[in-house]
Amino acid sequence: MKKFWKLAAAAAAASLIVAACGGSDSASDTTSAPAAKTDVKVAVVYIGVPTDKGWTYQHEQGILQLEQELGVEVKRVENVKDDATSEAVFEQLAADGYQLIFATSFGYGAPMARVAAKHPEACFQWATGAKFLLTKAGGGEYADFPALPTNLGTYFGAAEEARYLSGIAAGKATKNGKIGYVAAFPIPEVLRGINAFTLGVRSVNPDATVQVTWTKTWFDPTIEKQAAESLLDSGVDVLAQHQDTTAAGVAAQAKGAKWVGYNSDVKEAAPDAWLTAPTWNWGPFYIKTAKAVAAGNCPADEAYGNMKDGMVTLASFGKSVDAATQSLIEEKKAAIIDGSFAPFTGAINKQDGKPWLKAGEKAELGALLSMDFFVEGVVGSAKG
Amino acid sequence: MNSNIWVLTSANAVTIATTLILAALGALFTERAGVLNLGVEGILLTSAISSFLAADSSGSIWVGLAVGAAVGALLAGVHATLTVVLRANQIVSGLALVIFGTGLANFLGKPAEGKTVATIIKPMTFGPLTRIPVLGPIVFEHDIITYGTIALAIGSAWYLFRTRPGLELRAVGDDPATVDAQGLSVARIRIRYTLLGGALIGLGGSWLMLAQSAAWHQAATTNGIGWIALALVVFAGWHPVRLIFGAVLFGFCLRLPFTLQAEQITFIPSAFMQMLPYVATLIALIALSRPGSKNLRGAPKSLGNPFVRDER
């Protein structure tokens, strides 16, 4: 009898685990197979979930535009970690016959390139990627650029343009000249954003500083909130962020501070704190790429959108941004769009006061894409 | 002075400690009865999302907290059934509960992903008392659950060491055979305190969600606090009052990496500080899981052993 109960207990414990595995199938798809009438099979791999009110949400809006425009049904794979484990996901999608696969995180690059080399029939697009990082010189596996798979493209945009504009709003909003910045990882994309933001801040508030705290996570509301609160505790009165959730905004609102968001227009998360946010519009790029693949071409270049082509946008203003500040920002925005102004235009000094760009000199795109330092006015370490 | 970052960091340590105390207190009652429940992290997550969904649909934080506690008791009930009634291995059942709870939370939370908490528990106001230098923010700027939790921990010490039911509880954890000989049901007492423990852990998860988290995000809400709570019980020597101090210390360590960065203190790598509570947890879990765990200071002597009368 005792044996029976022991067996029963073991079986019950085992069934718990099995049930859990069924329930925790987090990398599950949310759509059924694409309709038969489509002429291009598209899939997108998300680092988070489309309802995150941030990074993934914004990509989802672009994917919805693509579905609308081309009448196709896109396969979504959610919650895929951007490490080596993602390779199996890409492999499966390629094996299932998806012709165009978008992936929305920096860490997908190397696994995606490996699968792209094995599946020349499919087209792979790596958001926020940089092909340089796949070459030996950039720490990757491939000898040089020509050795890279020709069916792998990258896409991203000049968020620095909108970052600069949001910096103007922050520079005008701060009362004590101390601004905090909750940032994810010390990689070029993030450093570029912090620097552009700081240049925007100091264009209207030359003595203001931007203090950076690293969270070492893209997506963790608890940690983002802790980091934001510590910055507020140290006396900053405006927060900006390079994170995927609205936690910093919630923390700012609770302390009566102001907040520059990121990714999406989510002023409802902290309406009193909201100033504005750099945001993304991925739809046009997704539509253009899907049409090219349907026509038999795989765009394998490094697409870099901007405010002019509409990939980068600025969210609506909060109620505390006065009319004068708004029109100043609109003015700069128009200058960015018509090409008469770029955020990284000298004279700009590095953090230690040594000159980087001479007066009137514009930074090259290559220098921006591999940026590894802070400009003057940023407080904190660019090494993380 | 009260806006000094170290004062505010200490104040926040007390806030973070609330979930730790509740979860550790739940584990403490369970372990004092001789049952090891490693499923704390799973219970925390499932209670967090349950309380979020309940508070979101009812509009009441109190409904959320009650539902969270009930769900915690329910999951602990699964553990009690497996380990006390069916006498399964407690470590295996507890670990299964972690995986099950995480999966269940992801499943329940899918439609709520990214949703913000509409009603947040507000701190109490003590008027001029909050302006007392240093002590003001640290002692007088918390919500009712934090104060209730500390009172509960102190009350638990009294219950454990000064009352008859407390004596029975300790006896069941130390020497169930004697309790059995007294004519009391070991199984009933163990199930009762496992359920109570689950409810406390569930309350901790609910409070973490409703008072501390800005929004529900699966798997990023508890950050291993359940494991830290288990370690805390070991470090506190299974004593509820020592638990309070340990929790505040751990809470301080959890917040410290960000304070150091905000203050530009770079000679200690922040990643090192961030690691400390988890290293401490690892050491405690190893100590707790090895066969000689009953030799730890204050450990219930029959911790982890199923009670089988016919084997006596």
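Residues numbered from 1 in each chain as written. Chains lettered and ligands numbered in written order. Predicted model: local features only at pLDDT ≥ 70, side-chain atom pairs only at ≥ 80, totals over all residues.

## A few points about the overall build of chain A
Then step 1. The helix and strand inventory of chain A stands at eleven helices and 16 strands.
Then step 2. In terms of C-alpha radius of gyration, chain A reaches 23 Å, essentially the compact-globule figure of 21 Å for 384 residues.
Then step 3. Overall, chain A is about 75 × 60 × 40 Å in size when its C-alpha atoms are taken along their principal axes.
Then step 4. For chain A, buried positions account for 54% of its 384 residues. (Helix = DSSP H or I, 4+ residues; strand = E, 2+ residues; numbered from the N terminus. Rg over C-alpha atoms; globule rule 2.2 N^0.38 Å. Buried ≥ 20, exposed ≤ 12 C-beta atoms within 10 Å, placed from the backbone.)

## Points about helix α7 (residues 164-174) of chain B
One turn of an α-helix holds 3.6 residues; hence residues three or four places apart share an orientation.
Then step 1. Turning to α7(B), its buried residues number three or more, namely Leu169(B), Ala171(B), Val172(B) and Gly173(B).
Then step 2. Among the structural elements, α1 (5-32), α6 (144-162), α8 (176-181) and α9 (186-212) of chain B are those in contact with the buried residues of α7(B). (Contact = placed C-beta atoms within 7 Å.)

## Thoughts on the confidence of the model for chain B
Reading predicted coordinates in detail is not appropriate for stretches of low pLDDT.
Then step 1. Looking at chain B as a whole, the pLDDT averages 88, with 95% of positions reaching at least 70.
Then step 2. Mean pLDDT values over the elements of chain B span from 77, in helix α12 (residues 270-289) of chain B, up to 96, in α6(B). (pLDDT = per-residue confidence, 0-100.)

## Concerning the nonpolar core
Then step 1. Ranked by internal contacts, the top residues of the largest apolar core, which has 219 residues, are Val45(A), Ile101(A), Leu239(A), Leu20(B), Ala24(B) and Leu232(B).
Then step 2. Of the residues forming this core, the biggest block, 15 residues, is contributed by α1(B).
Then step 3. Apart from residues no more than four positions distant in its own chain, Val45(A) is found in contact with Val77(A), Val80(A), Ser86(A), Val89(A), Ile101(A), Phe102(A), Ala103(A), Thr104(A) and Tyr108(A). (Core = buried A, V, L, I, M, F, W, Y, C linked by C-beta atoms within 7 Å.)

## Topic: the sheet that holds strand β3 (residues 100-103) of chain A
All names here are of chain A.
Then step 1. Ordered by their spatial adjacency, six strands build an open sheet running β2-β1-β3-β4-β5-β12, and the pairing between neighbours is parallel. Looking along the sheet, the strands with just one partner apiece sit at the ends: β2 (75-77) and β12 (302-305). Pairs of neighbouring strands in the sheet enclose a mean axial angle of 20°, with direction left out of account.
Then step 2. With four bridges connecting them, β3 and strand β4 (residues 123-127) associate as parallel partners. By the bridge assignment, Phe-102 is partnered in β4 with Gln-125.
Then step 3. The strands touched by helix α4 (residues 109-118) within the sheet are β3, β4 and β5 (152-157), with β4 carrying the most contacts at an inclination of about 170°. (Pairing = 2+ DSSP bridges. Axes fitted to C-alpha atoms, helices over the stretch in contact; angles between N-to-C directions.)

## What about the environment of Ile336(A)?
Residues and elements named next belong to chain A.
Then step 1. Among the secondary structure elements, Ile-336 is positioned in helix α10 (residues 323-337).
Then step 2. For Ile-336, a count of 22 C-beta atoms within 10 Å translates into the label buried.
Then step 3. What Ile-336 contacts, discounting residues up to four positions off in sequence, is Glu-161, Met-307, Phe-341 and Ala-342.

## Remarks on unusual backbone geometry
Residue and element names in this part refer to chain A.
Then step 1. Note that the residue after Gly-346, namely Ala-347, is joined by a cis bond; omega there is 5°.
Then step 2. Looking at the secondary structure, you find Ala-347 in the loop between α10 and β14 (348-349).
Then step 3. Of note in the backbone geometry, Lys-216 takes a positive phi value of approximately 60° without being a glycine.
Then step 4. By the element assignment, Lys-216 lies in the loop between β7 (209-214) and α7 (221-233).
Then step 5. Residue class for Lys-216 comes out partly exposed when judged on the 16 C-beta atoms lying within 10 Å of it.

## Here we look at the pairing of strand β6 (residues 178-183) of chain A
All names here are of chain A.
Then step 1. Burial of β6 is extensive: five of the six residues sit out of reach of the surface.
Then step 2. Bridge count for β6 against β7 is six bridges, and the pairing is parallel. The residue bridging Ile-179 from the neighbouring strand is Val-210, located in β7.
Then step 3. Each parallel crossover has a hand, and the one from β6 via helix α6 (residues 188-204) to β7 is right-handed.
Then step 4. Pairing of β6 with strand β8 (residues 238-242) involves five bridges; the strand directions are parallel. Counterpart to Gly-180 in the pairing with β8 is Leu-239. (Right-handed = clockwise from strand over helix to strand, strands pointing away.)

## Some words on the environment of Leu365(A)
Residue and element names in this part refer to chain A.
Then step 1. Structurally, Leu-365 is set in helix α11 (residues 365-369).
Then step 2. Accessibility expressed as a C-beta count within 10 Å gives 12 for Leu-365, which makes it exposed.
Then step 3. In this structure the C-alpha to C-alpha distance between Leu-365 and Thr-215, which are 150 residues apart in sequence, comes to 27 Å.

## Thoughts on the domain arrangement of chain A
All names here are of chain A.
Then step 1. Per the domain assignment, the segments of chain A are domain 1 (42-157 + 282-305) and domain 2 (159-277 + 315-379).
Then step 2. For domain 1 versus domain 2, the distance between C-alpha centres works out to 28 Å.
Then step 3. Taken together, the 14 residues of domain 1 in the interface contact 15 residues of domain 2.
Then step 4. Here the element with the most residues in the side of domain 1 that touches domain 2 is helix α2 (residues 55-70); it accounts for three residues.
Then step 5. Taken together, the residues that form the side of domain 1 that touches domain 2 break down as seven nonpolar, five polar and two charged. (Domains from an automatic or database assignment. Nonpolar A, V, L, I, M, F, W, Y, C, P; charged D, E, K, R; others polar.)

## Structural notes on the packing of helix α2 (residues 40-58) of chain B against helix α4 (residues 90-109) of chain B
Packed helices, taken two at a time, are described by the angle their axes make and the gap between the axes.
Residue and element names in this part refer to chain B.
Then step 1. Where α2 contacts α4, the two axes come as close as 7 Å, and the packing angle between them is 20°. When the axis of α2 is compared with that of α4, the two are roughly parallel. The handedness of the crossing between α2 and α4 is left-handed. Across from Glu-41, Gly-42, Ile-43, Leu-45, Thr-46, Ala-48, Ile-49, Ser-50 and Leu-53 in α2, the residues of α4 making contact are Leu-97, Val-98, Ile-99, Phe-100, Gly-101, Thr-102, Leu-104, Ala-105, Leu-108 and Gly-109.
Then step 2. Split by residue class, the contact of α2 with α4 holds twelve nonpolar, six polar and one charged. (Parallel < 35°, antiparallel > 145°, perpendicular 65-115°, else oblique. Left-handed = near helix turned anticlockwise from the far one by under 90°.)

## Quick look at the sheet that holds β8(A)
All names here are of chain A.
Then step 1. Strand order in the open sheet formed by six strands is β10-β9-β8-β6-β7-β16, with parallel pairing between adjacent strands. Edge positions in the sheet fall to β10 (274-276) and β16 (378-379), since each of these pairs with one other strand and no more.
Then step 2. Set on the sheet, helix α5 (residues 159-173) makes contact with β6, β8, β9 (258-260) and β10; between it and β10 the angle comes to about 140°.

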